[in-house]
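A structural walkthrough
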Amino acid sequence: MVKVVKFGGSSLASAEQFMKVGNIIRADETRKYVVPSAPGKRNSKDTKVTDMLYACYALADEGKDFRVQLMKIKDRYDSIINGLQLKITLDEEFKTISQKFKEKAGVDYAASRGEYLNGIIMADYLGYEFIDAATVIFFDEDGNFDADKTDKVLSAKLAETEKAVVPGFYGSLPDGTVHTFSRGGSDITGSIVAKAARASMYENWTDVSGCLVADPRIVKDPEPIRVITYRELRELSYMGASVLHEDAVFPVRKAGIPINIRNTNDPEADGTLIVESTCQKPEYTITGIAGKKGFVAVSIDKDMMNSEVGFCRKALQAFEENGISIEHMPSGIDTMTVFVHQAEFEGKEQQVISSLRRLAHPDIIDLEADLALVAVVGRGMKSNRGTAGRIFSALAHANINVRMIDQGSSELNIIIGVSNDDFEEAIKAIYAIFVETRL
Ligand code: ASP
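Residues numbered from 1 in each chain as written. Predicted model: local features only at pLDDT ≥ 70, side-chain atom pairs only at ≥ 80, totals over all residues. Heavy atoms only, no water.

**Remarks on the sheet that holds strand β12 (residues 326–328)**
- Within the open sheet, the 6 strands sit side by side as β12-β13-β11-β14-β16-β15. Their pairing is antiparallel. Whereas interior strands pair on both sides, the edge strands pair on one side only; in this sheet they are β12 and β15 (404–407). With direction set aside, neighbouring strand axes in the sheet form an average angle of 40°.
- By the bridge criterion, 7 bridges tie strand β11 (residues 288–301) to strand β13 (residues 335–341) in an arrangement that is antiparallel. Bridging across to β13, Ser 299 finds its partner in Thr 337.
- Helix α10 (residues 311–321) contacts β11, β12 and β13 of the sheet and is inclined by roughly 25° relative to β13. (Pairing = 2+ DSSP bridges. Helix = DSSP H or I, 4+ residues; strand = E, 2+ residues; numbered from the N terminus. Axes fitted to C-alpha atoms, helices over the stretch in contact; angles between N-to-C directions. Contact = heavy atoms within 4.5 Å.)

Put into structure tokens, the structure is as follows:
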């Protein structure tokens, strides 16, 4: 059995955190491949090393003196090395980095050094082999991840390496230059390594005990989610509940490897298990609640709309022409409503209205702003009578006016539109009815 373990920045922010990580890895012989992030924040006022690197490289790029900034970054690593009483030094590495910065080696190269250096320290601390991600993770000329080439090279490399550290976040382009994933991309590296190692589990260690039923900034001490399917997770993360980089799901999902989100600061907690499918019943009828504020509802009315073939297509074309993506589209007999992101729509509203007039000739176009969407997600809803009823009675009791209802045909989610001002109360009310009263 092989487990791939990825540790996020806050799990590796200091020597103390490194020690916790060391204990976790040593506690389980099967934790053979380790994917570290760069050192994150040690406290809320601190700066992530990745951000320090971006700022430092910006100076280099402008031809300004960046030495002080680079030394501050080196200090972060030296304090980890000293705290762990390791014998290595990063002096040579920093000379190379400084030289490469002067040569303007690129912003991706700069950002990737956070993971690269942390990987060197981690390998030394654990006595594992260090594998530079640039030699095993590949992108094509356009910067898209090259899954086939990576899987071939990486799985061959891992097959001959008993225990290794592969830094997260970066790989290389066909010409050998370093390229990074988008921010938070170490999660993706972990998933890629898990697939290549044919792992039985991808453990993603962070600073929370997995996914929570609701946002802790809205609901006090929400319950953790023990088991969640990929599809449920996708629904929730789309609505803003994110514990994992979105793209991290694909490699392991393809290979049928579950992800376990764990907490470095509470290693005894089970965390959340993310699986393709499960017959385990969720603890509550719902798995999770998430949502976002800032939507506009564009209502388009036209008499006899329903009998006009092609009306919806023409109306939607008006949004497409203006590059506006559509969130939801509840419809009635002579009316359809299109939910769009307010921030995206505001600057283009008049263009969209004129495109709508030109293409679809509606009778009335009405705009309503400052709406929020709340998604109630759960594989258990399908087999439970009265779920929607309970949601709406909870909202009614909380004096919340429901502006829109949309239930996906998969019955995996119910989306509710409320006013921005009611957003938090709506989530609290739904959480209370399902979780606090355990209905
Ligand atoms: N260090 C990178 C970032 O801050 C990647 C990661 O931590 O996953 O985005």
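**A word on the side chain of Glu 232**
- Relative to the helices and strands, Glu 232 resides in helix α8 (residues 230–238).
- Dropping the residues within four chain positions of it, Glu 232 is found in contact with Thr 287, Val 377, Gly 378, Arg 379 and Leu 412.

**With respect to the site of the ligand**
- Around the ligand, a shell composed of Ser 37, Lys 48, Thr 50, Glu 115, Phe 169, Arg 183, Gly 184, Gly 185 and Ser 186 is seen.
- Note that a nitrogen atom of the ligand is positioned 2.8 Å from one of the side-chain N or O atoms of Thr 50.
- Contact distances for the ligand include 3.0 Å between an oxygen atom and a backbone N or O atom of Ser 186. (Near = heavy atom within 4 Å. Polar contact = N/O pair within 3.5 Å; in protein donor to acceptor, adjacent residues only side chain to side chain.)

**Focus: the pairing of β15**
- Here β15 runs beside strand β16 (residues 413–419); their pairing, made up of 4 bridges, is antiparallel. If you follow Met 404 over to β16, its bridge partner there is Gly 417.

**Some thoughts on helix α2 (residues 49–61)**
- For α2, with 13 residues, the first-to-last C-alpha span of 18 Å sits near the 18 Å given by 1.5 Å per residue.
- By the burial criterion, the buried members of α2 are Val 49, Thr 50, Met 52, Leu 53, Cys 56, Tyr 57 and Ala 60. The arc that holds the buried residues of α2, viewed along the axis, is 155°, so those residues lie on one side.
- Its buried side turned inward, α2 meets α3 (67–83), α4 (91–102) and α5 (107–126).
- Where α2 ends, the next residue or the one after it, Gly 63, has phi of about 75°, a positive value. (Expected span 1.5 Å × (residues − 1). Buried < 20%, exposed > 50% of the residue type's maximum accessible area, 1.4 Å probe, protein only. Arc of directions from axis to C-beta.)

**Brief notes about the packing of α2 against α5**
- At a minimum axis separation of 8 Å, α2 and α5 run at an interaxial angle of 150°. With respect to their mutual orientation, α2 and α5 come out roughly antiparallel. The way α2 lies across α5 gives a crossing that is right-handed. Of the residues in α5, those touching α2 at Val 49, Thr 50, Leu 53, Tyr 54 and Tyr 57 are Val 107, Ala 110, Ala 111, Arg 113, Gly 114 and Glu 115.
- When the residues that make up the contact of α2 with α5 are grouped by side-chain class, the tally is 7 nonpolar, 2 polar and 2 charged. (Parallel < 35°, antiparallel > 145°, perpendicular 65-115°, else oblique. Left-handed = near helix turned anticlockwise from the far one by under 90°. Nonpolar A, V, L, I, M, F, W, Y, C, P; charged D, E, K, R; others polar.)

**Description of the sheet that holds strand β3 (residues 129–130)**
- Ordered in space as β3-β4-β2-β1-β7-β9-β10-β8, the 8 strands form an open sheet in which the pairing is mixed. Of all the strands in the sheet, the pair left with one neighbour each is β3 and β8 (227–229).
- Judged from the 5 bridges that link them, strand β1 (residues 3–7) and strand β2 (residues 31–36) form a sheet pairing that is parallel. In the strand pairing of β2, Lys 6 is matched with Val 35.

**Some words on the packing of α3 against α4**
- Where α3 meets α4, the axes come as close as 11 Å, and the angle between the chain directions of the two elements is 150°. Between α3 and α4, the crossing angle belongs to the class labelled roughly antiparallel. When the axes of α3 and α4 are compared, the crossing they make is right-handed. Of the residues in α4, those touching α3 at Leu 70, Ile 73, Lys 74 and Tyr 77 are Asp 91, Phe 94, Ile 97, Ser 98 and Phe 101.
- Looking at the contact of α3 with α4 residue by residue, the classes come out as 6 nonpolar, 1 polar and 2 charged.

**Considering the pattern of salt bridges**
- Throughout the structure, instances matching the rule amount to 30 salt bridges.
- For Asp 46, the salt bridge goes to Arg 76, with nearest N and O atoms at 3.5 Å. In this pair, Asp 46 is assigned in the loop between β2 and α2 and Arg 76 in helix α3, connecting sequence segments 30 residues apart.
- For Asp 46, a relative accessible area of 14% puts it in the buried group.
- Judged by relative accessible area, Arg 76 falls into the buried class, the value being 5%.
- Its salt-bridge partner being Arg 358, residue Glu 321 comes within 2.8 Å of it at the nearest N-O pair. Placement of the pair is Glu 321 in helix α10 and Arg 358 in helix α12 (residues 349–360), with a sequence separation of 37 residues.
- Classification of Glu 321 by relative accessible area gives partly exposed; the value is 41%.
- Through salt bridges with shared partners, one network takes in Lys 3, Asp 28, Arg 31, Glu 203 and Arg 262. (Salt bridge = Lys/Arg side-chain N within 4 Å of Asp/Glu carboxyl O.)

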